Amino acid sequence: MGSGQLVAVFGAYGHTGRFVVAELAARGFVPVLSGRNAQTLEELADEHGLEARVASVDDPASLDSALAGTAAVINCAGPFASTVGPVIEAALRAKIPYLDVAAELEANLDTFAHYRERARNAGAVIVPAMAFFGGLGDLLATAAMGDWTEADEAHIAYALSNWHPTAGTRLSGAVSRERRGAHRLRYSGGQWERRTDAAPTLEWTFPEPMGRRPVIGEFTMADVVTVPQHLSIPDVTTYMTAEAARDVTAPHTPAPTATDESGRSNQTFLVDVVVRSGGAERRATAGGQDIYAVTAPLVTEALERVLTGRTKAVGVVSAGEIFDAPDFLHALAPHITLDLVLV
């Protein structure tokens, strides 16, 4: 457990940030709340009896003050295209691990491209996309690979009962679309393709009782960035159930509403991962409640393992690259159901 270690949470007052703060405290860490909105930050700090440190990505000195004396920093502040670079730089100056919950493709690609060699040379740990999108799918794909050293293709299908986006999700999506323009991204043949055609609508057979559902194919999410960074798989594709895809893009879909005392919504999810090599197929599936809430135990479990040395790599690393994927997934048992089929 955290043993009272200070952990900076940048963007602590955001929807996901609040879940992360609660999970850190539950595990014995002492969250240090940080962000640029002083009033909201102080209100959250007063509510939980925690320290608030106002900081802005435009002010490196304020970030240095926010991270002073902490064991690590978790970045929960989107749009991540704006926050990732400054907060990573502050973490490198402070010589502490950095983790984030970014789902933005471009931000994740930038992190690997700009910091991988520098972080490795410094012996630093930077774990991007340690969240529902990115971290969970990457761990499932790694676990499904088992003893395979390479595979032909990986498919990651998300089934969400609904997708009521937070304000942060909408803002991050807008930033990504602005950077991408009229293109969408697909990872095929070991490289990124920029495409202008519409993503295909397909059908995916999820495990029972869900069964066969229409999905948007090539609904490219952070897993497609993280998986090829460490697994030899030339084709990685993600899919989203069509209803959820419509929810998140519709302008009037409401934000998540809490339905239990922990603040979780009634949204349920299933992540179904299939890897194929030759004629063989392996599968790993995880289910649970609320994609934003489950990000908190994912990133906090990762943090705990980094701080206790239960890691396999340094530098900018994907979840399955730095952690023992099956062991990590089983550690999430209070938060997810898990099914691994290796044949």
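A short tour of the structure in this document, coming up. Keep in mind that what you see is a predicted model, and the values were worked out from it rather than measured. (Residues numbered from 1 in each chain as written. Predicted model: local features only at pLDDT ≥ 70, side-chain atom pairs only at ≥ 80, totals over all residues. Heavy atoms only, no water.)

Looking only at helices and strands, one finds 12 helices and 16 strands in the protein chain. The C-alpha radius of gyration of the protein chain comes to 19 Å, within 12% of the 20 Å expected for a compact globule of 343 residues. The buried share of the protein chain, reckoned over its 343 residues, is 54%. Accessible surface, the protein chain: about 14000 Å² in total, of which carbon and sulfur atoms supply 50%. Each charge sign in the protein chain was given a centre, from 27 positive and 41 negative side chains, and these centres are 3 Å apart. (Helix = DSSP H or I, 4+ residues; strand = E, 2+ residues; numbered from the N terminus. Rg over C-alpha atoms; globule rule 2.2 N^0.38 Å. Buried < 20%, exposed > 50% of the residue type's maximum accessible area, 1.4 Å probe, protein only. Areas by Shrake-Rupley, 256 points an atom, 1.4 Å probe, with all protein chains shown as cover. Lys, Arg positive; Asp, Glu negative; His and termini not counted. Charge placed at Lys NZ, Arg CZ, Asp CG, Glu CD.)

Here we take up helix α7 (residues 167-180). In a regular helix each residue adds 1.5 Å, so 14 residues correspond to 20 Å; α7 covers 20 Å between its end C-alpha atoms and thus fits that length. Every buried residue of α7 is accounted for by S172, G173, V175, S176 and R180. Seen from one end, α7 has its buried residues packed into an arc of 165 degrees, which puts them on one side. More than 90 degrees from the buried face of α7, the exposed residues found are A167, R177 and E178. At its buried positions, α7 is contacted by α4 (80-94), α5 (105-122), β8 (184-188) and β9 (191-195). Where α7 terminates, the next one or two residues include G181, which has phi positive at roughly 65 degrees. (Expected span 1.5 Å × (residues − 1). Arc of directions from axis to C-beta. Contact = heavy atoms within 4.5 Å.)

Both faces of strand β4 (residues 72-75) are covered, namely the face carrying A72 and I74 and the face carrying V73 and N75. Pairing analysis gives 4 bridges linking strand β1 (residues 6-10) to β4, with the strands arranged parallel. Looking at β4, one finds that V7 is bridged to A72. With 3 bridges joining them, β4 and strand β5 (residues 98-100) adopt parallel strand pairing. (Pairing = 2+ DSSP bridges.)

Here 7 strands make up an open sheet; going across it, the order is β3-β2-β1-β4-β5-β6-β15 and the pairing parallel. Single-partner strands in this sheet number two, and they are β3 (51-54) and β15 (315-316).

Glycine aside, residues mostly have negative phi, and peptide bonds are mostly found in the trans state. Geometrically, the link from G78 to P79 is a cis peptide bond, its omega value of 0 degrees lying close to zero. Put simply, E208 and P209 share a cis peptide bond, and its omega is 10 degrees. By the secondary structure assignment, P209 is in the loop between β10 (201-205) and β11 (212-216). One non-glycine residue, E218, lies in the positive phi region at around 55 degrees. Positionally, E218 belongs in the loop between β11 and α8 (223-226).

Checked against the element boundaries, E89 lands in helix α4. With 34 residues separating them in the primary sequence, E89 and A55 have C-alpha atoms 14 Å apart. Ignoring sequence-local partners within four residues, the contact set of E89 consists of Y115 and R118.

Closest axis-to-axis distance for the helix α3 (residues 60-67)/α4 pair is 9 Å, and the angle between their directions is 55 degrees. Regarding the angle of α3 to α4, the classification is oblique. Considering only the axes of α3 and α4, their crossing is right-handed. Of the residues in α4, those touching α3 at P60, L63, D64 and L67 are P86, V87, A90, A91, R93 and A94. (Axes fitted to C-alpha atoms, helices over the stretch in contact; angles between N-to-C directions. Parallel < 35°, antiparallel > 145°, perpendicular 65-115°, else oblique. Left-handed = near helix turned anticlockwise from the far one by under 90°.)

Right, let's talk about the packing of aromatic side chains for a bit. In this structure the tally under the stated criterion is 10 aromatic pairs. Taking the centre distance of 5.0 Å and the plane angle of 85 degrees together, the rings of F133 and Y158 count as edge-to-face. Of the two residues, F133 is situated in helix α6 (residues 132-145) and Y158 in strand β7 (residues 153-160); the sequence distance between them amounts to 25 residues. This pair shows no difference in class: F133 is buried, exactly as Y158 is. Members of the aromatic cluster, connected to one another through ring pairs, are F132, F133, Y158, W163, F219 and F269. (Phe/Tyr/Trp six-rings, centres within 6.5 Å; stacked < 30°, edge-to-face > 60°.)

Glancing now at the packing of α5 against α7. Packing of α5 against α7 brings their axes to within 8 Å, and their N-to-C directions diverge by 70 degrees. By the angle between their axes, α5 is roughly perpendicular relative to α7. Contacts between α5 and α7 involve L105, E106, A107 and D110 from the former and S176, R179 and R180 from the latter. Grouping the constituent residues of the contact of α5 with α7 by class yields 2 nonpolar, 1 polar and 4 charged. (Nonpolar A, V, L, I, M, F, W, Y, C, P; charged D, E, K, R; others polar.)

This brings us to the nonpolar core. Counting 108 residues, the largest nonpolar core has M130, F132, F133, W163, M240, F269 and V271 as the members making the most contacts within it. Considering every element that reaches this core, the biggest residue donor is helix α10 (residues 291-307), with 10 residues. Beyond its immediate sequence surroundings of up to four residues, F133 is in contact with A102, A103, Y158, W163, M221, A222, D223, M240 and I291. A157, W204, V215 and Y239 belong to the second-largest nonpolar core, a separate cluster that totals 8 residues. (Core = buried A, V, L, I, M, F, W, Y, C linked by side-chain atoms within 4.5 Å.)

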